[in-house]
Structures are given as C-alpha cells and as structure tokens.
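# Topology and contacts: notes
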Amino acid sequence: MLDLVRPIYPSDETLAALSEQTGVQSWRLDETFHPRRVSRSVREPLPCLTPELKISGRQWLFRAPAGARVSLQSGLLRLGQRCLYEANPTNAVSSVRRWRRPGSLPPGWWHRNRAPERHQQPLLLLSTHNNPNYFHWLTQPGLSPLFLQEHFGLNPLPRAALALSHRPRRSFPSYVKPLLGVVAPELPVVQGVALASESLCRFAVQEHSSEVVVSPAQVHWLHRRCRDQLQPPLKPWRRVLISRRRSSRRRCLNEDQLLSALDPYGFERHCLEDLSVIEQLRLFSESALLVGAHGAGFSNLVACAPQASIVEFLPRRGAFCHYYAMADVLGLSHGHLVASRCDLETDDFTVTPEDVLALLREMDLL
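Residues numbered from 1 in each chain as written. Predicted model: local features only at pLDDT ≥ 70, side-chain atom pairs only at ≥ 80, totals over all residues. Heavy atoms only, no water.

Further remarks concern the overall build of the chain. Counting its regular elements, the chain contains nine helices and 18 strands. Counting the 366 residues in the chain, one finds 57% classified as buried. The long-range share in the chain, meaning contacts at least 24 apart out of those at least 6 apart in sequence, stands at 78%. By element, 48% of the accessible surface of the chain is carried by carbon and sulfur atoms, the whole surface being about 16200 Å². (Helix = DSSP H or I, 4+ residues; strand = E, 2+ residues; numbered from the N terminus. Buried < 20%, exposed > 50% of the residue type's maximum accessible area, 1.4 Å probe, protein only. Contact = heavy atoms within 4.5 Å. Areas by Shrake-Rupley, 256 points an atom, 1.4 Å probe, with all protein chains shown as cover.)

Set out below in structure tokens:
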C-alpha cells in the first residue's frame, strides 16, 4: 500500500523554512514578460498569441547538504517524507487524499518512500515529475538546475554527476540521455529509482503564475548551447513540414493533401520520431521555415537561426502559446492557423491547404 505523503509546493514560507536549514543555500530568478509581436494569422489571432499574453514564473536553485534529506525518487524531488512539486495554478491540492478524485491528480507519480541509494559524489538532481514530455525535459523543470547554476555564475560542483530517477516499472524516454549529451556532455550520469548524495546536491523548484511558463533566460541559454554544439550554417535554407503521423493524437488527417499543395514550394516532410535528438536539432538549425501541428517537437526551435519562421496548426482554440512565446523570445517569426475540423477526443484535425498557403503569403514566406 502506498504511503500517504503530503505534497509541498514552493511557497515563500516553505522555501524559507528549507533555506533556514544548516548548510542550505538558495538563489531565485523572477521573470515576467509579454511577447513583443503578434502571431500572424489569416483570421483574428487568438488572444493568447498576442502581446496581451502575460507569462510569469519563478525558479529557485538550492544547494543542500546530506542532512537536509533531499532525494530524487521515481522522478520526484522529495524532502524527507514529502514530495516537492512544481507550484502552478492547476496543481494546487492541499492533501494527497484529494488526488483520488477524478481530475485532482497532480502531474507525476508518487510511490512508497524508499531508502535512497546514496552516492559519495555531489549530485545535480534532474526531475520532470515523471512527465515524459520532451518540452518539459528540454525546458522546465528538466534542465533548470544546469541552466540556473550557470545563470548565477556558480562553479559546477566538483566531481558532480547528473542524477536521474525513474518509476520502478518505467524507465526514461529514449531521448533523455542524448539530450543531456548535447547540453551537458562533460557530466557523468547516475540513475536509479531513488538517489541521494552523501555530501551535497543542487536541485531546482518552480512556481508558475500563468498557465504556460517559458523562461526567456533559459531559452537563450538553450539556444547558445545548441548553436555551439551544432555549428549551424550561416543561412538556413530548408522548408519543412513536421509530421505527427506516428503520434496517437493531434494528427493532421489531410497531411498528404497539404504536402501536395506545399511540394511546389520545396517543402520536405519529416517525422521527428525517426530522428535522433541531434538530428532533430540540426534539422531545425538548417530550416528557414517550419510548419506543423502544435506539439513537443517544436521545442527544437531553440536551435533555429534568428531569421527562421514557424507556423503552427492548432486543433482548436486553447492555451497553445508555448512555442509562440519561445519564438518571440528568440526573435523568430510566428504564425498560426486554427483547424477547420477537429476530433475533440483525439485533437486530430484537418486544415484547408488554401488557408495554409494564404497564411504563408501573408507572412511573406512564399
């Protein structure tokens, strides 16, 4: 039977109490921004894709000795008997007992508290609350500790390793280690179900005040890391249709018809599941124009050149502003088109090829 652990959210009081423990240090980054440009559309743009959008969030980096009882278990940060979750507007439950109600389960999975496997060297704890989404591994909370220690000008912990923990019956997505090889090739990796350091660790927690949060500073950091690794061409040239044919949802049902309309303009179709992490990033770095359905694959736009353009197909109206915000931070041109028809169960959709071509002309891309 699972133990009833009480989740902690990083309120000022909770984090102040953690900071007061002997040997604990913390650094905080506050960010709030409005996009500078509206996302182009052949119709009235969605309100969340205009400068009316406000994105606000905070991140903390903690350095804690072994006595603070911080560990990484089943992909979750634990502080003693408690789970340390990301705080956001939809993740505000006061007791784990409420999680049993439909729709009240926070992201991630909690398990019986385990005695962690202890390592002698310092550990940098990476957690995404067991969310297997590429966007959250690439941005927040996945790579936040790596970004924050560089942002605050901190030296890497001597002999440190990256700590990754997974659920007992489910390991990491296949892209995790290759992704770490791009952004932190110099650091060794230790992995297991429950991990802790005998000396000290660093870890990050987040508090989001808006439904979607993108850290401008972290996006720029990722952009620099990717461009340094890839050594991209001076001028991107590819025109790419990103396919979700292998996905279980949010597929463009008339993709072949759309590709026929785009083919005269030099478009090539790519399914990102067929490419390694480095191949995906290189594809984006070489692309002048990328079009496709909203999805985690667009996280790769951190490798794009500043003159690139992004067009997203949205299955319906909603808070689909993740990659609009990232594109604005990087100075990329962004456009969007809401589907003409959508299956509300799967978000599979169709778009009108004539509307796609009209949008590309509106953006001066054809």
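Having seen the model, we can carry on.
A few words now on the sheet that holds strand E1 (residues 25-33). If you walk across this open sheet you meet the six strands as E1-E2-E11-E7-E8-E9, and the pairing is mixed. Two strands lie at the open edges of the sheet, namely E1 and strand E9 (189-192), each paired on one side alone. If you compare each strand with its neighbour and ignore which way they point, the axes differ by 20° on average. In this sheet, strand E11 (residues 200-208) lies alongside strand E2 (residues 55-65) in antiparallel orientation, the contact comprising nine bridges. (Pairing = 2+ DSSP bridges. Axes fitted to C-alpha atoms, helices over the stretch in contact; angles between N-to-C directions.)

Looking now at the confidence of the model for the chain. The predicted model of the chain has a mean per-residue pLDDT of 88, with 90% of residues at 70 or higher. Across residues 1-6 the pLDDT falls below 50, and counting only partners more than four positions away or on other chains, this stretch makes 21 contacts in the model. In this model residues 93-105 is a low-confidence stretch, pLDDT under 50, and it forms 22 contacts with partners more than four residues away in sequence or in other chains. (pLDDT = per-residue confidence, 0-100.)

Moving on, we come to the packing of helix H5 (residues 216-230) against helix H7 (residues 277-285). Between H5 and H7, whose axes approach to 11 Å, the crossing angle comes to 95°. By the angle between their directions, the pair H5 and H7 is classed as roughly perpendicular. Every residue of H7 that contacts H5 at Cys226, Arg227 and Leu230 is listed here: Ile278, Leu281, Arg282 and Ser285. (Parallel < 35°, antiparallel > 145°, perpendicular 65-115°, else oblique.)

Bringing the pattern of salt bridges into the picture now. In the structure shown here, the tally under the stated rule is 15 salt bridges. A salt bridge links Glu286 to Arg238; the shortest N-O distance between them is 2.8 Å. In this pair, Glu286 sits in the loop between H7 and strand E14 (287-293) while Arg238 sits in strand E12 (residues 238-243), placing the two residues 48 residues apart along the sequence. As a salt-bridge pair, Asp347 and Arg249 come within 3.5 Å of each other at their nearest N and O atoms. Here Arg249 lies in the loop between E12 and helix H6 (255-262) and Asp347 lies in the loop between strand E17 (341-342) and strand E18 (349-350), a separation of 98 residues in the sequence. For Asp347, a relative accessible area of 2% puts it in the buried group. (Salt bridge = Lys/Arg side-chain N within 4 Å of Asp/Glu carboxyl O.)

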